[in-house]
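# Chain and residue survey
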Amino acid sequence: VQLQASGGGLVQAGGSLRLSCAASGRTSSSYNMGWFRQAPGKEREFVAAVTWSGGYTYYTDSVKGRFTISRDNRKNTVWLQMNSLKPEDTAVYYCAAGKQVLSSLRDRSMYTYWGQGTQVTVSS
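## Side note on the pairing of strand E8 (residues 77–82)
Most of E8 is tucked away: five of the six residues are buried. Direction of pairing for strand E3 (residues 17–24) relative to E8: antiparallel, over a ladder of six bridges. The residue bridging Leu-19 from the neighbouring strand is Leu-80, located in E8. Linking strand E7 (residues 67–72) to E8, which pair antiparallel, is a turn of four residues; within it Asn-76 sits at a positive phi near 50°.

## Here's the deal with the state of the cysteines
Tallying each qualifying case throughout the model produces one disulfide. Put simply, Cys-21 and Cys-95 are joined by a disulfide, and their sulfur atoms are 2.2 Å apart. Between Cys-21 and Cys-95, the S-S dihedral sits near 65°, and the bridge is therefore right-handed. Here Cys-95 lies in strand E9 (residues 91–98) and Cys-21 lies in strand E3, a separation of 74 residues in the sequence. For the pair Cys-21 and Cys-95, one class covers both residues: buried.

## Some remarks on the environment of Gln-119
Along the chain, Gln-119 falls in strand E11 (residues 118–123). Separated by 28 residues in the primary sequence, Gln-119 and Ala-91 have C-alpha atoms spaced 6.1 Å apart. Excluding residues within four positions of it along the chain, Gln-119 makes contact with Gly-8, Gly-9, Thr-90, Ala-91 and Val-92. A polar atom in the side chain of Gln-119 sits 3.3 Å from the side chain of Thr-121.

Rules behind the numbers
Residues numbered from 1 in each chain as written. Predicted model: local features only at pLDDT ≥ 70, side-chain atom pairs only at ≥ 80, totals over all residues. Heavy atoms only, no water. Buried < 20%, exposed > 50% of the residue type's maximum accessible area, 1.4 Å probe, protein only. Helix = DSSP H or I, 4+ residues; strand = E, 2+ residues; numbered from the N terminus. Pairing = 2+ DSSP bridges. Disulfide = S-S within 2.5 Å. Contact = heavy atoms within 4.5 Å. Polar contact = N/O pair within 3.5 Å; in protein donor to acceptor, adjacent residues only side chain to side chain.

See the structure below:
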């Protein structure tokens, strides 16, 4: 599975961005998908995840109510809609694919494939 993330950019605080992650590969729709982010000098952290069927979604507490993860398996694409952005959301955002159990969706070590990352910068 190959992943291509896009949609990052520079936005003012309070603004919105929509990240996309295009997956290639015949079995890509059978993978759980996650978004992670890494700010300068910090570890890569979990942001959101969606199960392979789209039936369950998970978010880190700091983005709940502001970010929405979704997927369309017919288009092999996962999106992260980010609203009410804050300067602390500034980071490189990565999409990832894995076949882990639900309890491990927040664990970055359980993802098998990673996209190249897209920069999100939120100015105050």
